[in-house]
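Below, each chain spelled out in residue letters.
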Amino acid sequence: MEKFKTLEIVQKSAKSSVFHLYLNRPSQRNALSPDFFSEFPKALSSLDQSPDVSVVVLTGAGRHFCAGIDLKSLNSSSEPSLSGDRGRGGERLRRHIKALQDSVTAIERCRKPVIASIDGACIGGGIDIVTACDIRFCTKDAFFSVKEVDLAITADLGTLQRLPSIVGYGNAMELALTGRRFSGPEAKQLGLVSGVFGSGQEMDEGVRIVAEGIASKSPLAVIGTKAVLLRSRDLNLEQGLDYVATWNSSMLFSDDLTEAVSAQIQKRKPVFAKL
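Definitions and cut-offs
- Residues numbered from 1 in each chain as written.
- Predicted model: local features only at pLDDT ≥ 70, side-chain atom pairs only at ≥ 80, totals over all residues.
- Heavy atoms only, no water.
- Domains from an automatic or database assignment.
- Contact = heavy atoms within 4.5 Å.
- Buried area = accessible area lost by both parts, 1.4 Å probe.
- Salt bridge = Lys/Arg side-chain N within 4 Å of Asp/Glu carboxyl O.
- Polar contact = N/O pair within 3.5 Å; in protein donor to acceptor, adjacent residues only side chain to side chain.
- Nonpolar A, V, L, I, M, F, W, Y, C, P; charged D, E, K, R; others polar.
- Helix = DSSP H or I, 4+ residues; strand = E, 2+ residues; numbered from the N terminus.
- Buried < 20%, exposed > 50% of the residue type's maximum accessible area, 1.4 Å probe, protein only.
- Arc of directions from axis to C-beta.
- Pairing = 2+ DSSP bridges.
- Axes fitted to C-alpha atoms, helices over the stretch in contact; angles between N-to-C directions.
- Parallel < 35°, antiparallel > 145°, perpendicular 65-115°, else oblique.
- Left-handed = near helix turned anticlockwise from the far one by under 90°.

(A) Layout of the domain arrangement of the protein. One can read the domain layout of the protein as domain 1 (7-216) and domain 2 (219-266). The partner domain 2 presents five residues to the eleven residues of domain 1 that form the contact. Both sides of the domain 1 and domain 2 interface together cover about 620 Å² of buried area, and 57% of this is carbon and sulfur. The largest share of the area that domain 1 buries against domain 2 comes from Glu108, Arg111 and Asp134, three residues that together contribute 60% of it. Viewed at the interface, domain 2 and domain 1 are joined by two salt bridges. Counting across the interface, domain 1 meets domain 2 through five residue pairs in polar contact (both at pLDDT 80 or more). For the side of domain 1 that touches domain 2, the residue count by class is five nonpolar, one polar and five charged.

(B) Local environment of the environment of Glu202. By the secondary structure assignment, Glu202 is in helix α8 (residues 200-215). Judged by its relative accessible area of 45%, Glu202 is partly exposed.

(C) Representation of helix α6 (residues 169-178) in the model. Of all the residues in α6, the buried ones are Ala172, Leu175 and Ala176. For α6, the arc enclosing every buried residue in end-on projection is 95°, short of the 170-degree limit, so these residues lie on one face. In α6, the exposed residues that point more than 90 degrees away from the buried face are Gly170 and Leu177. Of the surrounding elements, those touching the buried residues of α6 are α5 (159-167), β8 (182-183) and α7 (184-190). Following α6 by one or two positions, Gly179 adopts a phi angle in the positive range, close to 65°.

(D) View of the sheet that holds strand β7 (residues 143-145). The strand order across the open sheet formed by three strands is β5-β7-β8, and the pairing between neighbours is mixed. What marks the edges here is a single partner per strand, and that holds for β5 (121-123) and β8. As paired elements, β5 and β7 share three bridges and run parallel to each other. Bridged to Ile123 within β7 is Ser145. Here helix α4 (residues 125-132) sits on the sheet and contacts β5 and β7; the angle it forms with β5, its principal contact strand, is near 90°.

(E) Looking closely at the pattern of salt bridges. Taken as a whole, this structure holds 17 salt bridges when the rule is applied. In this structure, Asp102 and Arg109 form a salt bridge, with 2.9 Å as the shortest nitrogen-oxygen distance. Glu259 is paired through a salt bridge with Arg268; the nearest N and O atoms lie 2.7 Å apart. Residue class for Glu259 comes out buried when judged on its relative accessible area of 16%.

(F) Here's a closer look at the pairing of strand β4 (residues 114-118). Burial analysis of β4 places five of its five residues in the buried class, which makes it a mostly covered element. Of the two faces of β4, the one carrying Val114, Ala116 and Ile118 and the one carrying Ile115 and Ser117 are both buried. Strand direction decides the pairing type here: strand β3 (residues 55-60) and β4, joined by four bridges, are parallel. Residue pairing for β4: Leu58 is matched across the bridge by Ala116. As defined by bridge partners, β4 adjoins strand β6 (residues 135-139) across four bridges and the pair is classed as parallel. Its bridge partner being in β6, Ala116 is matched across the sheet by Arg136.

(G) Molecular detail of the packing of helix α9 (residues 219-232) against helix α10 (residues 237-251). Running from amino to carboxyl end, α9 crosses α10 at an angle of 160°, the nearest separation of the two axes being 10 Å. Here α9 is positioned roughly antiparallel relative to α10, judged by the angle of their axes. Seen from above, α9 lies across α10 with right-handed handedness. Touching Leu220, Ile223, Gly224, Ala227, Val228, Arg231 and Ser232 of α9 are Gly240, Tyr243, Val244, Trp247 and Met251, all from α10. Along the lines of polarity and charge, the residues of the contact of α9 with α10 split into eight nonpolar, three polar and one charged.

As structure tokens, this is what we get:
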């Protein structure tokens, strides 16, 4: 695996197909720098393309998940739009924002499930990242904030598009307009996370069990479930049913199906080929 300035990829067990992707700037509370936005899609693509990877666990090195975008990089990104022709500056800034958005959407482009494991701060850009993940867990000490409104900007990397379908429109509006801090247990109550753990150690073990469970299933079924759920989010019911029919017409009759049925009959664990 490639080495990165702002990230680290770790395989904790040689026998496991669960890989950990760490946001790795602990001294800056994993604030998102320009290097992060160029490296993150590359890291996810390498994990996606590796047949040894079934599930990705995304977490923060150190005490915090992510303190949001690095304010120094936010300052520098606004400078080009303020000089010269306003129209051209605005077009450059729009292109820059679209590139940053694309870096976060790389989580959804990754065929393999991405599980967010959140401790400490998950602020601003951290919310953009976790709302793009497939499953989210946190500790009771985790805290969250859709912080952009306090920096006089409109959140633009995906929170306002993804959060409403996770926590409901009214809750998303309230969190985004107030920018208030909310706790891990409240995140669970809102539906932002699937579970809250008493400590980081307990979360590591709980997330490991979930991730290994998913990794033991048919990789074709897992990537299909993620792809169809994401696609169906943007389709009406009839279109969504049509999409999954088309998907399964090409993927359904696989060696994985034969193995899954045989394993059920023989009362054993199935063994699937890598993808």
